[in-house]
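# Notes for the structure review
Given next are the chains, with one letter for each unit.
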Amino acid sequence: VPCTVFAVGMALERNPTAAHAMIDAGWEVASHGYRWWDYQNVSEDVEREHIRRTVQIHKDLLGGVRPVGMYQGKPNVNTRRLVVEEGGFLYDSDSYADDLPYWTREYGDGDDN
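The following paragraphs examine the structure supplied in this document. (Residues numbered from 1 in each chain as written. Predicted model: local features only at pLDDT ≥ 70, side-chain atom pairs only at ≥ 80, totals over all residues. Heavy atoms only, no water.)

## Some words on the environment of His 32
Selection criterion: Secondary structure elements are taken from DSSP: a helix is a run of H or I of four residues or more, a strand is a run of E of two residues or more, and numbering for both begins at the N terminus. Per-residue accessibility, obtained with a 1.4 Å probe over protein chains only, is compared with the maximum for each type, and a residue is labelled buried under 20%, exposed over 50%, and partly exposed between these values. For the purposes of these results, a polar contact is taken to be a pair of N or O atoms within 3.5 Å, where, inside protein, one atom must be able to donate a hydrogen and its partner to accept one; residues adjacent in sequence count only when each atom of the pair is a side-chain atom.
Residue position: His 32 is located in the loop between strand 2 (28–31) and helix 3 (44–61). His 32 sits in the buried class, given a relative accessible area of 8%. Placed 38 residues apart in sequence, His 32 and Met 70 show a C-alpha to C-alpha distance of 6.0 Å. A polar atom in the side chain of His 32 sits 2.6 Å from the backbone oxygen of Tyr 71.

What follows is the structure, encoded as structure tokens:
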């Protein structure tokens, strides 16, 4: 059964065997941030670095594949903007504004094409 796993970057680093097993199973491995932290009071610079670092860990351990999904878990007011600035993500799951997925152009370039 296909599934998405939200993996913490540090956990992938510490257990590359599990990372490889997820890929071998055909699962999508989305980002769950670098640490299992409440990012509410984390500085913008630290959060930016954690996002960058976990993307690199995904690439290094998962055959050059970066995550296309993000779920920081306990985001702060900067999280969505930092995810958009990092680029390469197709979705983030940090909003609880609706029961159904929805599109937003928040922090996007406004191009409708």
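## A few points about the environment of Gly 69
Where we set the bar: Every residue pair with non-hydrogen atoms within 4.5 Å of one another is taken to be in contact.
With respect to the helices and strands, Gly 69 occurs in strand 3 (residues 69–70). Placed 31 residues apart in sequence, Gly 69 and Leu 100 show a C-alpha to C-alpha distance of 16 Å. If near-sequence neighbours (up to four positions away) are discounted, Gly 69 is found in contact with Glu 28, Ala 30, Ser 31, Phe 89 and Tyr 91.

## Details of the nonpolar core
Filter applied, for reference: We define a nonpolar core as any set of buried Ala, Val, Leu, Ile, Met, Phe, Trp, Tyr and Cys residues linked to one another through side-chain atoms lying within 4.5 Å.
Leu 12, Val 29 and Leu 61 are the most contacted members of the largest nonpolar core, which has 13 residues in total. Of all the secondary structure elements, the ones that give two or more residues to this core are strand 1 (4–7), helix 1 (9–14), helix 2 (16–24) and helix 3. Ranked by size, the runner-up nonpolar core spans 6 residues in total, among them Ile 51, Leu 82, Val 83 and Phe 89.

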